[in-house]
Amino acid sequence: MKLLRLLFLLALASVPLIAAACGGDDDDGTTPAADSGGAATAAASPTATPKPSGSITVYSGRGESLVKPLFEQFTKETGIQVNVKYGDSAQLATLLAEEGSASPADVFFPQDAGALGAISKAGLFEKLPEATLAKVPATYRAKDGSWVGVSGRARVIVYNPAAVQASELPSSVKQLTDPKWKGQVGWAPTNGSFQAFVTAFRKLEGDAAAEKWLKDMVANDVKVYKDNKAIVAAVAAGEVKLGLVNHYYLWGFIKDQGEGFAARNHYTAAGDPGTLVNVAGVGLLKSSKNKPAARAFIDYLLSEAGQKYFVEQTYEYPLVTGMKADPRLPALETLKPPAIDLSDLDDLQGTLALLRRVGALQ
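Before going into details, it helps to say that this report is about the structure given with it. Note that this is a predicted model, so its numbers are computed, not measured.

What counts, and at which threshold
Residues numbered from 1 in each chain as written. Predicted model: local features only at pLDDT ≥ 70, side-chain atom pairs only at ≥ 80, totals over all residues. Heavy atoms only, no water. Salt bridge = Lys/Arg side-chain N within 4 Å of Asp/Glu carboxyl O. Helix = DSSP H or I, 4+ residues; strand = E, 2+ residues; numbered from the N terminus. Buried < 20%, exposed > 50% of the residue type's maximum accessible area, 1.4 Å probe, protein only. Axes fitted to C-alpha atoms, helices over the stretch in contact; angles between N-to-C directions. Parallel < 35°, antiparallel > 145°, perpendicular 65-115°, else oblique. Left-handed = near helix turned anticlockwise from the far one by under 90°. Contact = heavy atoms within 4.5 Å. Nonpolar A, V, L, I, M, F, W, Y, C, P; charged D, E, K, R; others polar. Core = buried A, V, L, I, M, F, W, Y, C linked by side-chain atoms within 4.5 Å. Arc of directions from axis to C-beta. Polar contact = N/O pair within 3.5 Å; in protein donor to acceptor, adjacent residues only side chain to side chain.

### Structural notes on the pattern of salt bridges
For step 1, the next point in the chain: Counting across every chain of the model gives 21 salt bridges.
For step 2, the next point in the chain: Among the salt bridges present, the one from Glu316 reaches Arg153, with a minimum N-O distance of 3.0 Å. On the criterion of sequence distance, the pair formed by Glu316 in the loop between helix H11 (304–314) and strand E11 (317–318) and Arg153 in strand E5 (residues 148–159) is long-range, its members being 163 residues apart.
For step 3, the next point in the chain: Owing to a relative accessible area of 0%, Glu316 belongs among the buried residues under this scheme.
For step 4, the next point in the chain: We classify Arg153 as buried; its relative accessible area is 2%.

What follows is the structure, given as structure tokens:
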């Protein structure tokens, strides 16, 4: 057991990722009505389920500025207090593994399916109710029901329309190793979403193909940036022509700077690793001391109010069936991402080792 825990911690240590979370409404807990004689009806249950209350603790891999308003919205509507521990998704997963059944956390809300998969495989999640799971297509939730996605983010190539014609844009990330893009592509190898993308590349194409692509990218003088925002800003400024990012960063810039912002998103072809759709999602910990409130929180994230928050405030894809994304985004069902079990993106240690081996990470 000690060896398994050590391997788990090694697999997650020092890996940055991205994440999101919320809570929700439940039944009203009304008491049985009295009959015409003033006594409670014989059919009434003397132990009616009470309305969720109290407080919960959420370990959130999503940033405070991003999700705090949503947590406050949940508290205002339900009266349930949300205590939050913010941090890097992988580091929080490591902490959960270390704490085990003694963890004070009720809900884990990382920004990446890899972290969810790691905690699921460690056996720390409790299966979610079928009614909760059924709200989201099977692609975006665990097969065993241990976690569910609440918002989606697609990988894209951000480009500068003044520097690149639409007809020149690559249909696959594999084409970025072409000499025509030498010194003109930006990436962020320390970023969790990029690492999840590389993990997906490994799963889809094999380790040998992923290693060759990474080596060819390095040889093609790919430019290194600290994060997605820095890449989008660099593309708009003309430092590079293309960048590997998540789709929603562009829309934050457009919100602040207007439609004239000098960058746009390009989605690669169906099934390409560059069209991966990852999720921010949640799982209910077996160690939770307030499971009714934790379930209410998760259901709130999947409620109309919770999903609209991600649509209108973060420009992510809603994952609940029937909810619509921002109309400026291509519909999620049209993206045709590669067929992959998102829980399998948990091999972060292997990806880190590969990135170091090719010189993309120090």
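Read on, since the account is not over.
### A closer look at the packing of helix H2 (residues 64–78) against H11
For step 1, the next point in the chain: It is at 11 Å that the axes of H2 and H11 come closest, and there the two elements cross at 150°. The angle between H2 and H11 falls in the class roughly antiparallel. Seen from above, H2 lies across H11 with right-handed handedness. Side by side, H2 and H11 meet where Leu66, Val67, Pro69, Leu70 and Gln73 of the first sit next to Ala305, Gly306, Tyr309, Phe310 and Thr314 of the second.
For step 2, the next point in the chain: Here the contact of H2 with H11 is built from residues that sort into 7 nonpolar, 3 polar and no charged.

### A short note on the nonpolar core
For step 1, the next point in the chain: If you look at the biggest cluster of nonpolar residues, it comprises 79 residues, and the most contacted ones within it are Phe108, Phe109, Phe297 and Leu342.
For step 2, the next point in the chain: With 7 residues, helix H10 (residues 291–301) is the single largest residue contributor to this core.
For step 3, the next point in the chain: In this structure, Leu342 is in contact with Ala113, Gly114, Thr139, Tyr140, Trp147, Leu276, Val277, Asn278 and Val279, ignoring residues within four places of it in sequence.
For step 4, the next point in the chain: Ranked by size, the runner-up nonpolar core spans 26 residues in total, among them Val198, Trp213, Met217 and Leu355.

### Things to note about helix H13 (residues 348–357)
For step 1, the next point in the chain: Three or more residues of H13 are buried, namely Leu348, Thr351, Leu352, Leu354 and Leu355. Each buried residue of H13 lies within a common arc of 160° when the element is viewed along its axis, so the set occupies one face.
For step 2, the next point in the chain: At the N-terminal boundary of H13, the capping side chain belongs to Asp347, with an oxygen 3.1 Å from the backbone nitrogen of Gly350.
For step 3, the next point in the chain: Looking one or two residues beyond H13, the residue adopting positive phi is Gly359, at roughly 90°.

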